[in-house]
Amino acid sequence: MDNAKYIVDTNVYIRRSPQEEYEEEAFPIHWKNFDRLFKEGVIVSIDKVKEELNNKGDAFFLEWTKENEDNFYPNFDSETTPYLRKLSTIFPGWYNQNKEKADYFLIAFAKVKELTLVTQEKMNIDADKEKNYRIPTVCHKIGAKCTLKSCKLEYDESIDYDFECIDFVELVKRERLYNPNLFL
């Protein structure tokens, strides 16, 4: 995991499906470059994301997760387990609502491993109940910088944030996934 820079949420992978926002047929170069970075370990994810993708029953994702098994890491380890406990005490309502989803594990993994979390969820900083918080909101509340269109917060550029939360478009820009020469 020495190369890892990004950890990716289930909803990003799903966007490559037909009829989705970034379907692979419309963005083939982006997804080829994404897959290359995943194979190289620059982009990683966790077992819970693999499970969520496989539960879709889609043949593409079943095959893709099998081919890329090595870059799905355990949901928790000796480093992330203490932080998982901390998250559950900081946000008990959110934890109880989301403990069966990958969100909880993704945030802890990103925070502890200092990775950029890539998600398509929208920030909802004004959510009326903690249990309704989304990934970017929790990330922000624990000290992450959120670079999402839905995040209208201003961040001090002189601060070195523990980790960051971005969306797929920002990943495309940063890693130049639009460049056809990257996967040759």
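Being a predicted model, the structure only gives us computed values, none of them experimental.

### Examining the sheet that holds strand β4 (residues 116-118)
Okay, step 1: On the basis of which strands lie adjacent, the open sheet formed by 6 strands has the order β3-β2-β1-β4-β6-β5 and parallel pairing. On the outer flanks of this sheet lie β3 (72-73) and β5 (145-147), each paired with one strand and no other.
Okay, step 2: Pairing analysis gives 3 bridges linking strand β1 (residues 6-8) to β4, with the strands arranged parallel. Bridge pairing in β4 places V8 opposite V118.
Okay, step 3: On the sheet, helix α9 (residues 168-175) packs against β1, β2 (43-46), β4, β5 and β6 (164-166) and is oriented at approximately 105° with respect to β6.

### Looking at helix α3 (residues 47-55)
Okay, step 1: Inspection of α3 places K48, V49, K50 and L53 among the buried residues, and these make up the whole buried set.
Okay, step 2: Close packing links the buried residues of α3 with β1, α1 (10-14), β2, α4 (59-67), β3 and α7 (103-113).

### Some thoughts on the packing of helix α2 (residues 28-39) against α9
Okay, step 1: Following both chains from N to C, one finds α2 and α9 inclined at 75°, their axes separated by 11 Å at the closest point. Regarding the angle of α2 to α9, the classification is roughly perpendicular. On α9, the residues touching H30, W31, F34 and L37 of α2 are F168, L171, V172 and E175.
Okay, step 2: Looking at the contact of α2 with α9, its residues break down into 6 nonpolar, 1 polar and 1 charged.

### Some details on the pairing of β2
Okay, step 1: On β2, burial covers both faces: I43 and S45 on one face and V44 and I46 on the other are all buried.
Okay, step 2: Where β1 lies against β2, 2 bridges are found, and the strand directions are parallel. If you follow Y6 over to β2, its bridge partner there is I43.
Okay, step 3: Of the strand pairs in this sheet, β2 and β3 are connected by 2 bridges, and their pairing is parallel. Within β3, the position partnered with I46 by the bridge is Y73.

### Digging into the packing of α3 against α4
Okay, step 1: Viewed as axis vectors pointing N to C, α3 and α4 meet at an angle of 150°, and their least axial separation amounts to 8 Å. The orientation of α3 with respect to α4, classified from their angle, is roughly antiparallel. Contact residues: α3 offers K50, L53 and N54, while α4 offers F61, L62 and T65.
Okay, step 2: When the residues that make up the contact of α3 with α4 are grouped by side-chain class, the tally is 3 nonpolar, 2 polar and 1 charged.

### With respect to the side chain of D103
Okay, step 1: Mapped onto the fold, D103 is located in helix α7.
Okay, step 2: Despite its burial, D103 pairs with no opposite charge; the closest candidate is K101, at 5.2 Å N-O.
Okay, step 3: Setting aside chain neighbours within four positions, we find D103 in contact with D9, W94, N98, E121 and I135.

### Some remarks on unusual backbone geometry
Okay, step 1: Of note, the phi angle at Q19 is positive, near 75°, even though the residue is not glycine.
Okay, step 2: Take Q19: it is sitting in the loop between α1 and α2.
Okay, step 3: Located in the positive-phi region is R176, a residue other than glycine, with phi close to 55°.
Okay, step 4: As for its position among the elements, R176 is in the segment after α9.
Okay, step 5: For R176, a relative accessible area of 41% translates into the label partly exposed.

### Details of a positive patch on the surface
Okay, step 1: Together, K122, R134, K149, K152 and K173 give the surface a local cluster of positive charge.
Okay, step 2: Turning to its location among the elements, K149 is positioned in the loop between β5 and β6.

### So, the environment of T10
Okay, step 1: Structurally, the position occupied by T10 is in helix α1.
Okay, step 2: Every residue in contact with T10, bar those within four places of it in the chain, is listed here: V49, E52, L53 and A102.
Okay, step 3: Within polar-contact distance, the side chain of T10 engages the side chain of E52 at 2.5 Å.

Conventions adopted
- Residues numbered from 1 in each chain as written.
- Predicted model: local features only at pLDDT ≥ 70, side-chain atom pairs only at ≥ 80, totals over all residues.
- Heavy atoms only, no water.
- Pairing = 2+ DSSP bridges.
- Helix = DSSP H or I, 4+ residues; strand = E, 2+ residues; numbered from the N terminus.
- Contact = heavy atoms within 4.5 Å.
- Axes fitted to C-alpha atoms, helices over the stretch in contact; angles between N-to-C directions.
- Buried < 20%, exposed > 50% of the residue type's maximum accessible area, 1.4 Å probe, protein only.
- Parallel < 35°, antiparallel > 145°, perpendicular 65-115°, else oblique.
- Nonpolar A, V, L, I, M, F, W, Y, C, P; charged D, E, K, R; others polar.
- Lys, Arg positive; Asp, Glu negative; His and termini not counted.
- Salt bridge = Lys/Arg side-chain N within 4 Å of Asp/Glu carboxyl O.
- Patch = residues over 30% accessible without salt bridge, like charges linked within 9 Å, V, L, I, M, F, W, Y side chains within 5 Å.
- Areas by Shrake-Rupley, 256 points an atom, 1.4 Å probe, with all protein chains shown as cover.
- Charge placed at Lys NZ, Arg CZ, Asp CG, Glu CD.
- Polar contact = N/O pair within 3.5 Å; in protein donor to acceptor, adjacent residues only side chain to side chain.

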